[in-house]
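# Structural characterization, general
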2 protein chains.
Amino acid sequence: MNQPLVALVDGKPCSAAQLEWALDRGLHYGDGLFETMIARNGHIRFAALHRQRLATGCQRLRIAVDQDPLWQQAGTLAQRHGNALLKVLVTRGTATQRGYGPAGDEVCRSVVLAYPPPATTPPHEISVVSLQVRLGENPALAGIKHCNRLEQVLARLELPPRDFEGLMCSSSGRVISGTMSNVFLDTDAGLVTPSLDLCGIAGVMRAVVLREAAAMDIAVRIADVPAAALAACRGMFLTNVRLGVQPVSCLDGRALSGSEQVRALAQRIASLED
Amino acid sequence: MNQPLVALVDGKPCSAAQLEWALDRGLHYGDGLFETMIARNGHIRFAALHRQRLATGCQRLRIAVDQDPLWQQAGTLAQRHGNALLKVLVTRGTATQRGYGPAGDEVCRSVVLAYPPPATTPPHEISVVSLQVRLGENPALAGIKHCNRLEQVLARLELPPRDFEGLMCSSSGRVISGTMSNVFLDTDAGLVTPSLDLCGIAGVMRAVVLREAAAMDIAVRIADVPAAALAACRGMFLTNVRLGVQPVSCLDGRALSGSEQVRALAQRIASLED
């Protein structure tokens with residue numbers, strides 16, 4: 001019952017090599033994790049934070065990964081290309097039995113990709129819009145960067161082309177994140193970023209912002225953010241390792257203002273390597 | 001920015017053929033759908049219901065699939081093997097750009113698998129246990145059989161080996177389903193099966209049970225089922241196309257009783273082809 005009698009890929013009988021892919025648990029269940037990183041001047045920025053998040057994800061999903069070779073490969077690509085966007089993907093590997101339950105003897109698969117570096121000058125005026133698609137709440141999957149990303153796929157499909165990013169709420173109506181970024185609101189009570197205990201991805205750049213803000217004596221609260229806070233905030237910025245700290249100029253059609261504090265934070269972080 | 005400069009698979013540079021798999025959106029995001037079916041005497045049971053659910057899933061995820069070739073392939077395998085378990089998997093295909101958002105020009109990938117038929121005599125005494133892992137609620141993904149299945153993977157990891165199946169509640173505490181089956185409770189108020197508007201998979205066998213129960217004048221309610229209902233029900237059965245109607249003999253350590261009505265329903269459905 002464990003191995004298929006026949007396997008067709010796009011209608012054609014598949015080779016043994018293809019079968020390894022055709023039975024990958026990443027393909028069937030999104031049973032894997034990934035990291036997206038920036039290489040700059042031959043060095044992976046915030047490598048230790050990426051490595052730590054991947055380790056947490058592997059532990060939570062009980063995927064046994066030897067991370068050393070992955071980071072050697074990514075490091076070599078960073079050196080070779082100097083500036084690049086890197087993606088490391090790991091899955092639990094080819095299924096050794098049918099069904100959702102892993103047998104325990106799967107061999108983890110890795111994919112390491114290097115892309116040309118993103119444009120260094122992001123769009124100047126960033127327009128962000130609230131989306132209808134929500135994020136289901138599940139503490140067992142919250143925070144980690146796993147490969148069950150249909151909510152983000154549907155969110156990107158909903159996003160109007162004129163907008164740079166869309167904001168997503170949880171099923172219980174709290175603001176959580178953008179489709180590909182974390183979010184910080186500049187409110188009358190100071191900076192706040194959503195708690196990610198129930199859903200969302202704990203971004204590496206979000207962690208860097210929290211760390212550097214603390215070092216600069218800028219208070220940032222991690223809290224539940226009701227959707228109503230979007231209409232009340234005076235400023236907002238998005239974070240991910242590709243964008244860094246990216247101020248939002250327009251939210252749901254309303255102009256937002258920047259702040260000296262956020263500009264200083266963005267500038268400080270732009271020069272960091274780790 | 002769309003195509004990688006370098007791709008390593010398990011540490012080795014990958015061929016063009018491997019790259020197609022390494023960039024598949026199913027692998028990266030679980031961006032796909034599947035059907036698991038039973039072939040009996042050369043015929044796919046309930047093929048029209050499977051086809052309908054896959055069509056609904058493709059429409060919801062906006063994956064353009066020409067289903068005709070898939071069902072021709074599955075039908076040919078059913079004829080050739082007579083009795084088999086079949087799986088059809090479709091993904092949005094190889095990514096043509098980076099990121100969660102599809103470009104729209106991806107070419108759908110299909111995998112059709114035939115496995116030896118499951119044992120015809122399922123275990124006689126079925127023990128079922130309530131699990132801690134919950135199902136996140138998201139109406140945009142509820143009902144369809146998509147490839148974001150980490151909740152089920154974690155649930156199977158939690159399931160004690162002595163138990164045949166585990167029951168999962170939603171994040172708001174309602175009973176939804178087993179890890180690989182739908183569930184019907186036999187209560188003082190008659191048969192009830194959980195509503196799947198917020199999470200869970202709308203099983204083909206569940207649909208068959210609802211249809212056949214109606215034909216037999218057996219009332220079945222579709223309703224929100226609070227977790228407390230588990231302690232109060234007198235009987236329970238699981239459904240999927242592999243198990244058919246499978247009575248549960250023990251729930252969380254408590255013996256359950258069968259019923260003539262459920263036995264009659266199971267017997268009627270066991271002989272159906274469509």
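Conventions and cut-offs
- Residues numbered from 1 in each chain as written.
- Chains lettered and ligands numbered in written order.
- Predicted model: local features only at pLDDT ≥ 70, side-chain atom pairs only at ≥ 80, totals over all residues.
- Heavy atoms only, no water.
- Pairing = 2+ DSSP bridges.
- Helix = DSSP H or I, 4+ residues; strand = E, 2+ residues; numbered from the N terminus.
- Buried < 20%, exposed > 50% of the residue type's maximum accessible area, 1.4 Å probe, protein only.
- pLDDT = per-residue confidence, 0-100.

### Here's the deal with the sheet that holds strand β7 (residues 127-130) of chain A
Residue and element names in this part refer to chain A. Across the sheet, which stays open at both edges, the five strands sit in the order β9-β8-β7-β15-β16 with mixed pairing between neighbours. Each end of this open sheet is capped by a strand with a single partner; those strands are β9 (175-178) and β16 (254-255). In terms of strand pairing, β7 meets strand β8 (residues 165-169) through three bridges, oriented parallel. Within β8, the position partnered with Val128 by the bridge is Glu165.

### Some remarks on the pairing of strand β1 (residues 6-9) of chain A
Of the two faces of β1 of chain A, the one lined by Val6 and Leu8 of chain A and the one lined by Ala7 and Val9 of chain A are each fully buried. Across four bridges, β1 of chain A lies against strand β6 (residues 109-115) of chain B in antiparallel orientation. Bridge pairing in β6 of chain B places Ala7 of chain A opposite Leu113 of chain B. Alignment of β1 of chain A against strand β2 (residues 12-13) of chain A, held across two bridges, turns out to be antiparallel. Bridge pairing in β2 of chain A places Leu8 of chain A opposite Pro13 of chain A. Between β1 of chain A and β2 of chain A, which pair antiparallel and follow one another directly, the connecting turn spans two residues, one of which, Asp10 of chain A, has a positive phi of 50 degrees.

### A short note on the confidence of the model for chain A
Fine structural detail should not be taken from predicted coordinates in areas where pLDDT scores are low. Put simply, chain A has an average pLDDT of 96, and 98% of its residues get 70 or more. Our summary of model confidence lists the complex with pTM equal to 0.97 and ipTM equal to 0.97.

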